[in-house]
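Next come the chains, spelled out residue by residue.
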Amino acid sequence: MDSQAAPDGVDPNVPNVARMYDYYLDGKDNFAADRAAAEQILKLFPETRDSARENRAFLSRAVRHLVESGVRQIVDLGSGLPTQGNTHEVAHGIAPDTRVIYVDYDPVVCAHGRALLADGENITIVQADARDPEKLLVALREHVDFDRPVAFLMLAILHFIPDESSDGAGAYEIVQRLYEASAPGSYLVLSHAIDAKPDTTPEALEIYNRATAALSLRTHAEITRFFDGYELVEPGLVFPKDWRPDDQPLIGAESTSIGYSGVGRKP
Ligand SMILES: C[S@@+](CC[C@H](N)C(=O)[O-])C[C@H]1O[C@@H](n2cnc3c(N)ncnc32)[C@H](O)[C@@H]1O
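A brief structural summary. (Residues numbered from 1 in each chain as written. Predicted model: local features only at pLDDT ≥ 70, side-chain atom pairs only at ≥ 80, totals over all residues. Heavy atoms only, no water.)

## Description of the packing of helix 3 (residues 48–68) against helix 4 (residues 87–94)
Right, on to step 1. Running from N to C, helix 3 and helix 4 point in directions that differ by 35°, and their axes come no closer than 9 Å. As for the relative orientation of helix 3 and helix 4, their crossing is right-handed in sense. Across from Leu59, Ser60, Val63, Arg64, Val67 and Glu68 in helix 3, the residues of helix 4 making contact are Thr87, Val90, Ala91 and Ile94.
Right, on to step 2. Across the contact of helix 3 with helix 4, the residue classes break down as six nonpolar, two polar and two charged. (Axes fitted to C-alpha atoms, helices over the stretch in contact; angles between N-to-C directions. Helix = DSSP H or I, 4+ residues; strand = E, 2+ residues; numbered from the N terminus. Left-handed = near helix turned anticlockwise from the far one by under 90°. Contact = heavy atoms within 4.5 Å. Nonpolar A, V, L, I, M, F, W, Y, C, P; charged D, E, K, R; others polar.)

Below is the structure:
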């Protein structure tokens, strides 16, 4: 994108985490500052591009699992810029009556979402900040029947939210609040970055510190804690490529995962 295309209130000179991720995925919805920061990350972690694609492939397999298990309401929280294999495309390919609610706090993400997706049936875009879970739940109640199972997708978002934050609720509190609000049979789907290369990580953290959201990397045990109260479905919290792989060829021969992913069901 040309930075002149930046909507009011959006500073195209500050690298934006949604648009950096779009760049990793070869998208076109990014500005020069996003591309420069993303290139710095790719120098430090060349596997980021494959990891982003593996994350999207995990999303597809997880959504397929949810819909085949009977879930008909999916909230994609921190949904990011529209890309290939969006949640509603996967869900509606199996069950067109699945209600998909995309939520992001980023105005550019929501504007693109509305332009590209909002014509579709059973698709809603909500602009909301996950760090205010009460307000988020009020907004969601317009679209979600909380007496029925709902799946919360939180892919590559929680590592942008610290345990405690002066900007609102911390990551564990948010997940806990969504758990409490949801009916038995609801799901939590997570993917989360880890400290994959401790020698290189500090430089990467610096880059994200200058972007719109800093990184809070967590360990396997710390990510597992998000599933408190849920039953992790097989195979548990694993590298995205190892979560119920299908017959698609592996993404990137050299690919090293820089995060974990998992699916939990509320009993
Ligand atoms: C790396 S992208 C992930 C996109 C998509 N979930 C995926 O995994 O392919 C992270 C997204 O989370 C959004 N995000 C970060 N913090 C958020 C918050 N507090 N509330 C809502 N969205 C947030 C960003 O705007 C961005 O679109």
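## Focus on the pattern of salt bridges
Right, on to step 1. Considering all chains together, one arrives at 12 salt bridges under this definition.
Right, on to step 2. A salt bridge links Asp246 to Arg64, with the shortest nitrogen-to-oxygen separation between them at 3.5 Å. Of the two residues, Asp246 is situated in the loop between strand 6 (231–232) and strand 7 (259–265) and Arg64 in helix 3; the sequence distance between them amounts to 182 residues.
Right, on to step 3. The exposure class of Arg64 is partly exposed, given its relative accessible area of 32%.
Right, on to step 4. Asp167 is paired through a salt bridge with Arg131; the nearest N and O atoms lie 3.4 Å apart. Residue Asp167 is located in the loop between strand 4 (151–155) and helix 7 (171–181), and its partner Arg131 is located in the loop between strand 3 (123–127) and helix 6 (133–141); the two are separated by 36 residues in the primary sequence. (Salt bridge = Lys/Arg side-chain N within 4 Å of Asp/Glu carboxyl O. Buried < 20%, exposed > 50% of the residue type's maximum accessible area, 1.4 Å probe, protein only.)

## A few points about the side chain of Arg56
Right, on to step 1. Its location among the elements puts Arg56 in helix 3.
Right, on to step 2. Despite its burial, Arg56 remains without a salt bridge, the nearest opposite charge being carried by Asp76 at 5.5 Å.
Right, on to step 3. Discounting residues that sit within four places of it in the chain, Arg56 has contacts with Tyr21, Leu25, Ser79, Thr83, Gln84, Gly85 and Asn86. (Lys, Arg positive; Asp, Glu negative; His and termini not counted.)

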